[in-house]
Amino acid sequence: MTRLHIPAIGLDPSDPGLTEDTRHDRRHLVSFDPATRSRRQATVRATAMVFNDPAAVALKQDLDRIAPSRATVLIIGETGAGKELVARYIHGQSAQRGGPFVAVNCGALSDSLAEAELFGYEKGAFTGALKSQIGWFEAAQRGTLFLDEIGDLPLPLQVKLLRVLQEREVVRVGSRTPIPIDIRIIAATNVDLDSAIQAKTFREDLYFRLNVASVHLPPLRDRPDDIEPLAHYFLDLYRARLGRSALTFSPEALRRLRAYAWPGNIRELENAVHNATLLARGERLEPSDLRLSGMTRPAARAEPADLEAGVQALIERAILNDEPAIYERTVRACIRAAYDFNDSNQVKAAAQLGMSRNAFRTQLSHLGVIGGRRRAGSPSHVVAAPHFVAAGDALDLRIGVQKFGVSCVLKARGALEAALEAQGVRVSWKEFSCGPSLLRALDREEIDYCVTGEGPPIFAQAAGVPFVYAGFEPPAPQSQALVVRQDSPLVTAADLRGRVIALNEGSNVHYLVLRALQNQGMSLDDVQCLYLTPDEALWRIRRGQIDAWAIWDPILTAAQMEHDLRILVDGRGLAQNVQFHLVSTSFIRNHPDVLAKVLDEVRRLERYIAAHPAEIARTMAQDVGLPPHALEIALRRLSCGVSALDDRVLGQQQAIADAFRDAGVLGVPVSVRDAVWRQAFPAH
């Protein structure tokens with residue numbers, strides 16, 4: 001079996017294998033020295049990165065924010081656009097830069113040997129296995145593993161990859177011994193994974209596991225200012241190799257390069273320059289030497305010779321005419337023009353304006369272009385009025401619920417539908433297993449409103465999910481805990497060092513585990529965390545495969561009562577377990593009165609729960625799938641009563657965000673106040 005060994009090339013300026021080419025005034029060009037690329041007889045496709053174009057500058061800013069964390073990254077871009085180079089840049093700026101960078105093309109893995117290639121094998125595991133061999137995961141130990149074209153991975157291998165990502169250990173073919181791995185995963189694809197999920201060729205749970213931080217790599221045609229520096233770099237490279245040091249581009253050739261659409265992206269540009277260097281007859285490369293097809297980029301619309309002067313003249317005229325809302329209309333025109341010019345492609349439009357996609361998306365939401373609710377027949381550019389619609393116009397309110405909690409009780413009660421029906425609002429419910437799933441649904445605009453704990457909104461805000469905090473429930477620290485088997489030798493949280501803990505990543509209990517360890521002078525590095533679903537975690541703890549399980553009510557109560565588990569430590573004194581009411585930015589902007597009505601119903605629910613816990617438990621039992629007596633106990637521990645946000649609660653939530661950041665769990669800093677609905681936080 002042939003293995004391709006990839007050298008550990010980072011982007012540390014001190015690396016002798018890296019050069020910064022300042023010829024042609026290209027200060028933003030980072031190139032890999034050919035000598036370095038040839039070490040260990042490696043073939044490295046990625047050769048140069050340019051950060052001249054505004055789209056590339058915006059990309060670099062995103063990469064610089066992502067790189068220092070250990071978060072798994074998914075790079076999305078066309079073939080030849082430089083996905084591997086982006087992965088190498090992230091590796092070079094990360095804490096893993098001293099370790100290896102291992103690149104694997106998943107599309108080139110054969111079905112029969114793929115598992116052995118990735119996970120390794122033991123001697124005698126199959127015919128031809130004459131000695132034990134490590135796999136790509138072990139080869140990347142303490143470094144970065146780049147899984148290119150992840151969308152081409154066979155489904156059976158996707159299942160095994162998911163388990164590796166969850167458990168952070170591999171089992172070689174022919175062995176039963178798990179091997180812990182300490183690596184960062186970066187995946188890349190040119191496949192529309194959303195479509196692949198719908199077509200059942202890619203697992204949704206694997207997509208969520210990979211898509212912790214996503215990078216959308218613009219194609220070369222959308223980065224026109226990068227074309228010329230790249231062309232000069234490749235010309236320098238190949239004229240040195242071919243002994244044609246006097247060769248240059250003619251002005252006409254450079255104009256042709258900029259006008260061409262580059263369907264093959266950077267790889268096609270390199271090949272075009274290489275071919276032209278080989279075949280050019282004179283000392284200047286002409287358009288005919290490039291041998292490009294007739295495909296050109298769409299011509300830009302005419303614009304003033306001086307953009308700022310043109311805008312200034314229009315604004316001065318508007319002021320003289322005493323026109324209203326000039327600033328708002330100017331921003332709206334800018335956002336709308338970029339959006340329409342790029343055929344509704346948010347990534348391209350944002351990059352061309354020099355904005356992040358999240359900021360651009362927020363502006364579109366302000367305009368009502370995305371995420372808003374419109375009356376039948378209204379034009380797409382009209383923002384719905386922020387009031388109840390008339391009866392018969394039918395506004396949909398989509399609520400995400402977990403198996404237990406305020407929203408689930410609200411659903412079981414059935415009073416909300418009746419309260420909103422007279423206002424022309426239809427309520428629909430969609431169930432999710434945990435808080436992080438609710439926030440992903442908010443990001444995909446599948447739901448408008450949900451209630452979840454402290455952890456998920458912090459991670460969602462870091463990922464740019466468009467939502468706001470609209471209220472909070474009183475703390476319920478006893479409704480979350482770390483549990484162990486009754487026969488476990490663990491007595492206190494101090495005994496967790498070196499143990500395996502199952503939890504749901506990014507949830508409330510993630511913070512509980514962090515605090516429980518910190519209270520004993522430990523960190524997350526002192527334990528092994530497995531990110532498992534509640535069902536899988538319960539199965540494993542009952543069989544002794546994990547040492548502790550961090551879980552919340554009502555699963556906590558049911559697990560104690562039915563599965564011979566005991567509480568090692570609960571949230572008291574460690575984590576408040578506050579539940580937050582969250583709503584999508586577009587919905588709250590267009591329909592604040594609807595949310596106000598929902599919160600009123602939640603306040604009424606508080607009194608009903610206190611008076612009728614047994615009745616509600618019986619009503620919920622069938623939907624939740626848990627015994628009524630367990631639900632009743634959990635309900636009595638539940639704190640209800642939505643309140644407006646205040647400085648104390650916001651300070652506590654900010655402290656949690658800072659703790660995740662300090663622990664290296666959260667890749668970027670988060671300001672909780674930036675996501676607060678102003679009407680939910682009274683002015684002082």
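Residues numbered from 1 in each chain as written. Predicted model: local features only at pLDDT ≥ 70, side-chain atom pairs only at ≥ 80, totals over all residues. Heavy atoms only, no water.

### Thoughts on the sheet that holds strand 21 (residues 565-570)
For clarity, the threshold we go by: Paired strands are those between which DSSP finds at least two bridges. Per the convention used, a helix needs a DSSP run of H or I reaching at least four residues, while a strand needs a run of E reaching at least two, with both numbered from the N terminus. Fitted lines through C-alpha atoms serve as axes, helices being fitted only where they are in contact, and the angles separating the N-to-C directions of these axes extend from 0 to 180 degrees. It only takes one pair of heavy atoms within 4.5 Å for two residues to be counted as in contact.
The mixed open sheet is built from five strands, whose spatial order is 19-18-20-17-21. The two strands at the open ends of the sheet, each matched to only one other strand, are strand 19 (528-531) and strand 21. Neighbour-to-neighbour, the strand axes of the sheet open up by a mean angle of 30°, direction not taken into account. Each of strand 17 (480-485), strand 18 (500-503), strand 19, strand 20 (548-552) and strand 21 is contacted by helix 22 (residues 534-542), which is oriented at about 145° to strand 20, the strand it contacts most.

### Observations regarding the confidence of the model for the protein
Put simply, the rule is: Summary of the metric used: pLDDT quantifies the predictor's per-residue confidence within the range 0 to 100.
Averaged over every residue, the pLDDT of the protein is 78; residues scoring 70 or more account for 78%. Low pLDDT (under 50) marks residues 1-46, which in the prediction has 114 contacts with non-local residues, meaning those over four places away or in another chain. A low-confidence stretch, residues 372-392 (pLDDT under 50), is modelled with 46 contacts involving residues beyond four sequence positions or located in other chains.

### What to know about the sheet that holds strand 14 (residues 425-431)
Overall, mixed pairing links the five strands, which are arranged 14-13-15-22-16 in an open sheet. Only two strands of the sheet have a single neighbouring strand rather than two, namely strand 14 and strand 16 (467-472). For this sheet, the mean angle separating the axes of adjacent strands, direction not counted, is 25°. Pairing between strand 13 (residues 395-401) and strand 14: seven bridges, direction parallel. Looking across to strand 14, one finds that Leu-395 is bridged to Val-425.

### Thoughts on the nonpolar core
The test is simple: Only buried Ala, Val, Leu, Ile, Met, Phe, Trp, Tyr and Cys residues count toward a nonpolar core, and they belong to the same one when joined by side-chain atoms within 4.5 Å. Buried means the residue's accessible area, taken with a 1.4 Å probe over protein chains only, is under 20% of the maximum for its type, while exposed means over 50%, and partly exposed covers the values in between.
If you look at the biggest cluster of nonpolar residues, it comprises 70 residues, and the most contacted ones within it are Tyr-469, Leu-482, Leu-496 and Trp-549. Ranked by the residues each element gives to this core, the list is headed by helix 21 (residues 508-518), at seven residues. Counting 32 residues, the second largest nonpolar core, distinct from the first, contains Trp-136, Phe-137, Leu-153 and Val-170.

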